Amino acid sequence: DEEFVVSRGKIERRTSMGLPVSKIDIDSLRSRLSTNLQTETIYQKFAEVGLQYGQRFQTLREIFKGEEEAFAKLNVSDMSQKWENEFYLHPSVLDGALQLVAVAGSVSRSESNPFLPFSVRRFVAVREMKGDMWVYARVKSREEYQIVAEVEVVDANGDLIVRLEDFICRKL
């Protein structure tokens, strides 16, 4: 049996992240991003390229798209079990945040090969995911086989919950 590295990282627990205060103006983003997309349409497009998301992982709602950016409300499925509410970072909410990168960068372009998560340079969790949440994804750069994006999950007031810096998706 040959061993190989699947993942590598460094975890630090800090009381002060040394980050600039990040607040997203939810109303401003909703009005600035001109295209309002239907949830069903997005998940149908994912299915057409081979990404079948079950009900628990269809978390994007109220999706707004601009040029190389997208903004959406995140919703934990009503099918979620009570014990799932105990997650500090709920897996389906975090997955939904990553799905939005595809919306921002590739879903509307009729591509047959989807972009899938590959790596993240920095992942910052400021506090646990609770209540109403929104996610903002902005494509920083795009090549034929790779997208680099910034992703922020915020609460209903626009205050930062999670940030992914230099999140990379590669074409399957």
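Just above sits the structure.
Cut-off values and rules
- Residues numbered from 1 in each chain as written.
- Predicted model: local features only at pLDDT ≥ 70, side-chain atom pairs only at ≥ 80, totals over all residues.
- Heavy atoms only, no water.
- Axes fitted to C-alpha atoms, helices over the stretch in contact; angles between N-to-C directions.
- Helix = DSSP H or I, 4+ residues; strand = E, 2+ residues; numbered from the N terminus.
- Parallel < 35°, antiparallel > 145°, perpendicular 65-115°, else oblique.
- Contact = heavy atoms within 4.5 Å.
- Nonpolar A, V, L, I, M, F, W, Y, C, P; charged D, E, K, R; others polar.
- Buried < 20%, exposed > 50% of the residue type's maximum accessible area, 1.4 Å probe, protein only.
- Pairing = 2+ DSSP bridges.
- Core = buried A, V, L, I, M, F, W, Y, C linked by side-chain atoms within 4.5 Å.
- Arc of directions from axis to C-beta.

*Asks:* In this structure, what is going on with the packing of helix α2 (residues 39-48) against helix α3 (residues 91-105)? I would like to understand it.
*Replies:* When two helices pack together, their arrangement is captured by the angle between the axes and the distance separating the axes. Following both chains from N to C, one finds α2 and α3 inclined at 85 degrees, their axes separated by 12 Å at the closest point. Looking at the two axes, α2 sits roughly perpendicular to α3. On the side of α2, the interface is formed by Ile42, Tyr43 and Phe46, while α3 contributes Gln99, Ala102 and Val103. Here the residues of the contact of α2 with α3 are counted per class, giving 5 nonpolar, 1 polar and no charged.

*Asks:* Would you mind going over the pairing of strand β3 (residues 69-74) with me for this structure?
*Replies:* Buried residues dominate β3, accounting for 5 of its 6 residues. Looking at chain direction, strand β2 (residues 60-66) and β3 are connected through 5 bridges and run antiparallel. Across the sheet, the residue bridging to glycine 66 is glutamate 69, located in β3. For β3 and strand β5 (residues 133-143), the ladder comprises 6 bridges, and the chain directions are antiparallel. In the strand pairing of β5, glutamate 69 is matched with arginine 138.

*Asks:* Before we go on, may I ask you to explain the nonpolar core in this structure?
*Replies:* A general tendency of soluble globular proteins is for nonpolar side chains to be buried together. Leu60, Leu100, Val135 and Val153 are the most contacted members of the largest nonpolar core, which has 33 residues in total. Those elements giving two or more residues to this core turn out to be α2, β2, β3, α3, β5, β6 (146-155) and β7 (160-171). In terms of residue count, α3 provides more of this core than any other element does, 9 residues in total. The contacts of leucine 100, once residues within four sequence positions are left out, are Leu60, Ile63, Ala70, Phe71, Ala72, Val135, Tyr136 and Ala137.

*Asks:* Sorry if this is basic, but what is going on with α2 here?
*Replies:* Taken together, the buried positions of α2 are Thr39, Ile42, Tyr43 and Phe46. Buried residues of α2, seen end-on, are gathered within an arc of 90 degrees and therefore sit on one face of the element. In this structure, α2 carries Glu40 and Glu48 as exposed residues pointing more than 90 degrees from its buried face. Looking at the packing, one finds that the buried side of α2 touches β1 (35-37), β2 and α3. Backbone geometry just downstream of α2 places glycine 50 in the positive-phi region, at approximately 95 degrees.

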